[in-house]
Amino acid sequence: MMRLNIPLDFPNFTFTDQLKWLETWACLPSGTLFNAAAKLAGVANEDSEKMVPMIKGCVNEQLWPWPAYDAYIQDDGFQYSRDRLTDMAEQIYQKYRTNKMAHYRKSQMEPIKHLNPYWELSGRCASKSGDDQTASLILNANDAFWDDHCIPWRCENLDCKCSVFAITEYTMRKEANHL
Ligand SMILES: [Zn+2]
């Protein structure tokens, strides 16, 4: 895949906003990531090899209580292929990346609502049960759903691969026949 140079800041959701969001999401004390914002920004568009060790540094190489992570590894029967601290830091890195990509996509979908007035949500966040990876949901781009549900640019699920695509009225009608 070609590497995109994704901006660090988005309108109404700056890089430091993203760090604060991640702190809350990962049950980290306020400031854990925010205080290292300048350093983290320097590697934010790099691979996990750069950012994960930095996140581990932010927590002083210590495990911290994260109930959602405990629940996640129990559900998945997680086999440690790396140490737990590295995996927790990796989860934060992955969440940073996927939410940022979703914000980037959103910033591209917003201005073309008149052409692609429907948004299609795919993955677990589109399923009522919350665990169907193949679920799909099509709604008007202006639907209130996009403001208050767990969706890609603020997805709180660990290891979620949800995504949103903007589609035309024609595609919506075609896909509606198959759903
Ligand atoms: Zn999700």
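Please read these numbers as outputs of a predicted model, since none were measured by experiment. (Residues numbered from 1 in each chain as written. Predicted model: local features only at pLDDT ≥ 70, side-chain atom pairs only at ≥ 80, totals over all residues. Heavy atoms only, no water.)

Engineer: Any details on the pattern of salt bridges? Residues and values, ideally.
Structural biologist: By the definition in use, this model includes six salt bridges. Across the pair Lys106 and Glu110 runs a salt bridge whose closest N-O atoms are separated by 3.6 Å. For Glu110, a relative accessible area of 33% corresponds to the partly exposed category. Linking Lys113 and Glu110 is a salt bridge whose minimum nitrogen-to-oxygen distance equals 3.2 Å. Via salt bridges that share partners, Lys106, Glu110 and Lys113 belong to a single interconnected network. (Salt bridge = Lys/Arg side-chain N within 4 Å of Asp/Glu carboxyl O. Buried < 20%, exposed > 50% of the residue type's maximum accessible area, 1.4 Å probe, protein only.)

Engineer: Any chance you could break down empty space enclosed by the protein for me, citing the residues and the numbers?
Structural biologist: Taken as a whole and judged by the stated rule, the model has two cavities of 30 Å³ or more. In this model, the largest cavity occupies a volume close to 50 Å³. Residue lining of the largest cavity: Phe13, Gln18, Trp21, Leu22, Lys95, Tyr96, Asn99, Lys100 and His103, and that is the complete set. For the lining of the largest cavity, the secondary-structure elements that each account for two or more residues are helix H1 (15-25) and helix H5 (84-109). Within the lining of the largest cavity, the residues separate by chemical class into four nonpolar, three polar and two charged. Taken together, Leu19, Leu22, Leu33, Leu40, Met51, Ile55, Ile92, Tyr93 and Tyr96 form the lining of the second largest cavity. Among the elements of the structure, H1, helix H3 (48-58) and H5 are those that each provide at least two residues to the lining of the second largest cavity. Counting residues per element, the lining of the second largest cavity draws most heavily on H5, which supplies three residues. When grouped by side-chain class, the residues that make up the lining of the second largest cavity number nine nonpolar, no polar and no charged. (1 Å grid on protein atoms, 1.4 Å probe; cavity = no way out; pocket = protein on both sides within 12 Å on 5 of 7 lines; lining within 4 Å. Points joined across faces, edges and corners; volume = space filled by probe spheres on them. Helix = DSSP H or I, 4+ residues; strand = E, 2+ residues; numbered from the N terminus. Nonpolar A, V, L, I, M, F, W, Y, C, P; charged D, E, K, R; others polar.)

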